[in-house]
Amino acid sequence: MRFNLILLIFLAALGLSSTSIYAETYAFVGAKIIPIDGPEIQNGALVIEDGEIRGVGARDSVRIPRDAQIIELSADQVIMPGIVDTHSHIGEVSGGDRSDPIQPEARGYDSINIRSSGFKRALAGGITSVNIMPGSGHLISGQTVYLKLRDGNGIDELVLRNDDGSVAGGLKMANGTNSLRAAPFPGTRAKSAALVRAQLIKAQEYAEKMDSSDEDERPARDLAMEALGEVLSGERMVHFHSHRHDDLLTAIRLRDEFGFRMVLHHTSEAWRVADEIAAAEVPVSLILIDSPGGKLEALYLEAKSAPVLEQAGAKVAFHTDDAITDSRYFLRMAAMGVRAGMTREGALLGLTQAAADMLDIGERTGSLTRGKDADFVILSGDPFSVYTRVQQTWVEGQKRFDLEDPDDRLVAEGGFNALTDDDGAGHVHHFQDHAELHTKQGAAR
Amino acid sequence: MRLIMKTITQAAVYSLTIAFLMAFAPAHAQDLAVQAERLYTGTGEMIENGVVLIEDGKITQVGPAASIQFESGLEVIEVPVATPGLIDARSVVGFSGAMNQPHDQDQLERSAAIQPELRAIDAYNPRERLVEWLREHGVTTIHTGHGPGEIISGQTLIAKTWGNTVEQAVIDPAFGLSATLGPAATQHDRTSPGNRSKVVAMLRIQLQKAKEYKAKLDDDDEPARDLGLEALVEVLNGDMPLIVEVHRHQDIMTALRLAEEFEFNLILAGASEAYLLIDELLAAQVPVILHPTMMRTWGGGDLQHFSFTTAAKLVEAGIPVALQSGFESYVPKTRVVLFEAAMTLAYGLEFDQALNLITMAPAKMLGIDDRVGSLEVGKDADIALFNGDPFEYTTNVIGTIIDGQHVSKVKR
């Protein structure tokens, strides 16, 4: 009895600490492979073992281990790296509340419901890695979380970690209209920048004092200042929500002034300042939606931002902003970039390696490269065709979505009780905030 | 008596509108021809290297290039693919503007739950950015107007996506009445209606009043004029359909029950759980203007059972289905039916069926199939031009022709 208990605990510990206990060796052969780090391969082979990629190449050039389970695919099918979503709100994530426009101490990590339908929808869309962010109704709404869509029982089993063991993630910032509200929120764009600037100066001073050799000089621990300190030191990436051309340049100005690392997000009017963005070497994560408008700063949204940024030499990725667009058809967004004139290669990169790099996880995912995590997707056809379906999604060597599985298919196609909750609720509130603001502005006029 | 007077007045307005259209819109159209490597006529036929000949804004010949004679010097637009101009079966474009500010939101009046007297032509903005956006995507006809969100939110109209004034754009100034059942009709600042039953009770009471009003009119009783009841009498007379936005299965059944009780023409809109009621819908012979395939569920729990496969299931069962762009409260401010139809291809529909959802099916449902919906002789020359498979993500719309005029040349 007691022995069994110990064994159980031992097995449980193993299960928690590593997925390798379940891992097996697989060889996927016969499909077209889009490795991202090299040219597309017809009749390819992908070998994975212990959750890692062991070999990628033409079928006759890759050594397939004797114990590997061979999975025969057709020449029409495509294997590509697991998709990386640089900006999503799945899992009912929250950040700061309405008490203050600047709340860097609020952690998305403490709010995410990993059993929400959003996680299943993301897997159905071929997504394997996600940056889950709090909303944009604040100048600084909180800390974001980078995670893999692994099979886990709690958020800790899904998050990615930095070398020091801390949870990997960035800081969500925003400018433009979303954070313009009644006090203590700012009422104008200039005030927005002034509030952020003042807070970053405070963080600089805090960091200086914390570095003091004299222990008495060091201030009491301040969680907000700590998070901003990580931003100032470059450890924590800023994910900056911004739409209008002038707001994009304001974000770049703040970055230059304080020296943080930054990805610009959404960027409706990036096509107007693409050269400036490229010259500043700021990576951009785009959302392409089916029409302009819905709010003033998205009035001039154009899908041509994708090709124009690409041609200017900027690094471009995409994001779902789920539930603004549904994770289940994220591939479509990159295809719409191609429709607007982006290269196929650039659009594929924007779903994979470029996106992974923006989350500082490009060393372990984003391409089908030997030694990287076995994160990949099997498609029924070309990634950018409307006729194509996501058939399987694998995360670190585990099959996490299978269109042949009735439950998974229900999530992929929708139907009665397919989505057991209304994930994306965060955005409902987000919109209600706007509606309220519009009403107030209307009344004021 | 008064009703007859009103009908005469309305008929006069209609003929004036038509006269206006004839005088100012298509008369200026140059004759031209469209030649497409693949010409989809919208009748299920695809003509390789097909030609559509256009005279005075109307289609005068359609067929393989070899079979069609036209004068030398005629402008010929050569494209890889052409289809009939697309039809958006239900939209709020022209009412719900791109800015999403109070001054450009006219799709929903929140002051009362039942306002059938609100006319769509008094609010339609034909120069709205999103009308242009749809036009640039090959959409040539829209059924638009008051949106869902109140028990009866007002009237709808049918317009071409071209024209500087309402009079130039509109082809039916008062097509139907927009109604909503279920929780979506309760989401406002008022205390009532506060739940499903109350919504239906209020609607039933109003329809009963309209019935009595109609009886008085029929008996030459000359009741005091009531514009709201007059509009409802048109519904009871079968002159206007009641377009009911409804999603949950029990609410769909309620709509069917009401239509039977008051004998009006019902069109279901949204209808995300329609796949649960195939037999009932077939028996009731009710057409469905299905929600956008990519509808978002964040309007509330009512929508969460929607499926990408519903269009295929309804089409397969033989239920008349068209697609709508619907209503969007936030970015993007409108959907585009071209994209919504495309999305059905991976979920069970064939090419011709998907095209039908945004051409002939809505034309029939809206009673305008004598003018639009297919490329056939005698119909309006409304054509969408593409540089490849119209439904592929990476294909562009490269032009739009309305009433024989090349009204959009942008690549989208």
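Residues numbered from 1 in each chain as written. Chains lettered and ligands numbered in written order. Predicted model: local features only at pLDDT ≥ 70, side-chain atom pairs only at ≥ 80, totals over all residues. Heavy atoms only, no water.

A closer look at the interface of chain A and chain B
Interface size is often expressed as the accessible area that is lost when the parts come together. Tallying the contact residues gives 46 residues for chain A and 52 residues for chain B. In total, chain A and chain B occlude about 4400 Å² of area from one another, counting both sides; carbon and sulfur atoms represent 58% of this. Here chain A and chain B share 2 salt bridges between them. One salt bridge connects glutamate 302 of chain A with arginine 412 of chain B, and the closest N-O pair in it is separated by 3.1 Å. Run the count over chain A and chain B and you get 23 residue pairs in polar contact (both at pLDDT 80 or more). (Contact = heavy atoms within 4.5 Å. Buried area = accessible area lost by both parts, 1.4 Å probe. Salt bridge = Lys/Arg side-chain N within 4 Å of Asp/Glu carboxyl O. Polar contact = N/O pair within 3.5 Å; in protein donor to acceptor, adjacent residues only side chain to side chain.)

Points about unusual backbone geometry
Along the chain, aspartate 322 of chain A connects to alanine 323 of chain A via a cis peptide bond; the corresponding omega equals 15°. Cis geometry marks the peptide bond from valine 331 of chain B to proline 332 of chain B, where omega comes out at -10°. The phi dihedral of isoleucine 36 of chain A falls on the positive side, at around 75°, and the residue is not glycine. Positionally, isoleucine 36 of chain A belongs in the loop between strand 2 (32-33) and strand 3 (44-49). Positive phi values are uncommon outside glycine, yet aspartate 360 of chain A reaches one of about 60°. Among the structural elements, aspartate 360 of chain A can be located in the loop between helix 10 (353-358) and strand 16 (376-379). (Helix = DSSP H or I, 4+ residues; strand = E, 2+ residues; numbered from the N terminus.)

Observations concerning a negative patch on the surface
Residues and elements named next belong to chain A. A cluster of like negative charges, contributed by Asp214, Glu215, Asp216 and Glu217, occupies part of the molecular surface. Considering the arrangement of structural elements, one finds aspartate 214 in the loop between helix 3 (189-210) and helix 4 (223-232). For aspartate 214, a relative accessible area of 37% puts it in the partly exposed group. (Patch = residues over 30% accessible without salt bridge, like charges linked within 9 Å, V, L, I, M, F, W, Y side chains within 5 Å. Areas by Shrake-Rupley, 256 points an atom, 1.4 Å probe, with all protein chains shown as cover. Lys, Arg positive; Asp, Glu negative; His and termini not counted. Charge placed at Lys NZ, Arg CZ, Asp CG, Glu CD. Buried < 20%, exposed > 50% of the residue type's maximum accessible area, 1.4 Å probe, protein only.)

Describing the confidence of the model for chain B
All names here are of chain B. Within chain B, residue pLDDT values average 93, and 92% of them lie at 70 or more. Note that pLDDT drops below 50 for residues 19-28; the model gives that stretch 12 contacts with residues more than four away or on any other chain. Across the assembled chains, the prediction reports ipTM 0.91 with pTM 0.92. (pLDDT = per-residue confidence, 0-100.)

With respect to the pattern of salt bridges
One pass over the full model with this rule turns up 53 salt bridges over all chains. Among the salt bridges present, the one from lysine 148 of chain A reaches glutamate 396 of chain A, with a minimum N-O distance of 2.8 Å. Of this pair, lysine 148 of chain A sits in strand 10 (residues 145-148) while glutamate 396 of chain A sits in the loop between strand 17 (390-395) and strand 18 (398-402), and the two are 248 residues apart along the sequence. Comparing lysine 148 of chain A with glutamate 396 of chain A, the two get one shared label, buried. The partner of glutamate 376 of chain B in a salt bridge is lysine 379 of chain B, with the nearest N and O atoms 3.6 Å apart. Given the relative accessible area of 33%, glutamate 376 of chain B is considered partly exposed.

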